[in-house]
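For reference, the chains in residue letters:
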Amino acid sequence: MISFEYIKESSFKPSVNHKIWLQQVIRKEGKVPGDISYIFCDDNHMLENNIAFLDHDTYTDIITFDDCVGSIINGSILISLDRVADNAEKFNKSFENELLRVIVHGTLHLCGYKDKTDEEAKVMRQKEDESLEMLPN
């Protein structure tokens with residue numbers, strides 16, 4: 001089951017169609033949707049988690065906690081709405097577009113994609129773009 005939880009309120013609320021879209025993305029990758037929580041928070045909450053779980057004393061837009069079992073995709077995806085808003089402005093994108101990109105970015109991490117090297121990041125961006133094209137109108 002896919003769920004959306006809010007520690008920080010947002011003007012954009014993902015819908016049932018977004019859940020269906022994410023399930024389609026996961027299935028396209030040959031995986032099975034399991035229990036995935038998308039948790040929307042602010043920078044302070046994200047920083048606390050980044051320090052506690054990754055020992056990184058920096059702000060970030062997303063942290064993905066992978067609890068996958070075999071091909072079943074399970075996990076928690078923590079997203080800083082503050083970082084998303086800043087990145088949307090920085091990249092001249094709408095808040096909604098940037099948020100959906102970050103949401104699918106975390107989903108793709110759970111599907112096994114990495115982004116540490118330049119080549120991995122290139123593949124990740126390509127997968128994000130393909131996934132965003134699958135969004136229902």
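In this report, the structure presented in the accompanying data block is examined. (Residues numbered from 1 in each chain as written. Predicted model: local features only at pLDDT ≥ 70, side-chain atom pairs only at ≥ 80, totals over all residues. Heavy atoms only, no water.)

### Looking at the pattern of salt bridges
Rules: By salt bridge we mean one thing: a side-chain nitrogen of Lys or Arg within 4 Å of a carboxyl oxygen of Asp or Glu. Numbering of helices and strands runs from the N terminus; a helix is a DSSP stretch of H or I covering at least four residues, while a strand is a stretch of E covering at least two. Per-residue accessibility, obtained with a 1.4 Å probe over protein chains only, is compared with the maximum for each type, and a residue is labelled buried under 20%, exposed over 50%, and partly exposed between these values.
One pass over the structure, following the stated rule, counts ten salt bridges. Asp43 is the partner of Arg83 in a salt bridge, and the nearest nitrogen-oxygen pair spans 2.7 Å. With Arg83 in helix H3 (residues 81-90) and Asp43 in helix H2 (residues 43-54), the pair connects residues that are 40 residues apart, well separated along the chain. In this structure Asp43 comes out as buried when scored by relative accessible area, which is 10%. Linked by salt bridges that have partners in common, Lys28, Glu29, Lys127 and Glu130 make up one network.

### So, helix H5 (residues 118-133)
The condition is simple: Each residue after the first adds 1.5 Å to the expected span of a helix. Think of it as the arc spanned by the lines of direction from the helix axis to the C-beta atoms. Whether two residues touch is decided by their heavy atoms; if any such pair falls within 4.5 Å, the residues are in contact.
With 16 residues, H5 extends 23 Å from end C-alpha to end C-alpha; this agrees with the ideal 22 Å at 1.5 Å per step. Within H5, the full set of buried residues consists of Met124, Lys127, Glu128, Ser131 and Leu132. Buried residues in H5, looked at end-on, bunch into an arc of 135°, giving them a common side. In H5, the exposed residues that point more than 90 degrees away from the buried face are Asp118, Glu119, Lys122 and Glu133. Summarising the contacts, the buried residues of H5 are in contact with helix H1 (16-28) and helix H4 (95-110).

### Let's talk about unusual backbone geometry
Positive phi is not limited to glycine here, since Asp55 has a value of about 55°. Within the fold, Asp55 resides in the loop between H2 and strand E3 (62-66). What makes Asp55 exposed here is its relative accessible area of 67%. Notably, Asn92 is not glycine yet its phi reads approximately 55°, a positive angle. Turning to its location among the elements, Asn92 is positioned in the loop between H3 and H4. Among the residues examined, Asn92 registers a relative accessible area of 70% and is labelled exposed.

### Quick word on the layout of surface pockets
A water-sized probe rolled over the atoms picks out the places where empty space is left. Our working definition: In this analysis the probe radius is 1.4 Å and the grid spacing 1 Å, with only protein atoms considered; a cavity is a set of points the probe fits into but cannot get out of, a pocket is an open set with protein on both sides within 12 Å along at least five of seven lines, and lining residues have an atom within 4 Å of a point. Grid points are joined across faces, edges and corners, and a volume is the space filled by probe spheres set on the points. For this scheme, ten residues count as nonpolar: Ala, Val, Leu, Ile, Met, Phe, Trp, Tyr, Cys and Pro. Four count as charged, namely Asp, Glu, Lys and Arg, and the remainder, Gly too, count as polar.
Each pocket or cavity is described by its volume, and for the largest pocket that value is around 720 Å³. Lining the largest pocket we find 26 residues, and of these Asp61, Ile62, His105, His109 and Asp115 sit closest to its centre. Contributing elements (two or more residues each) for the lining of the largest pocket: H2, E3, H4 and H5. The greatest single-element share of the lining of the largest pocket, amounting to six residues, is contributed by H4. Classifying every residue of the lining of the largest pocket gives nine nonpolar, seven polar and ten charged.

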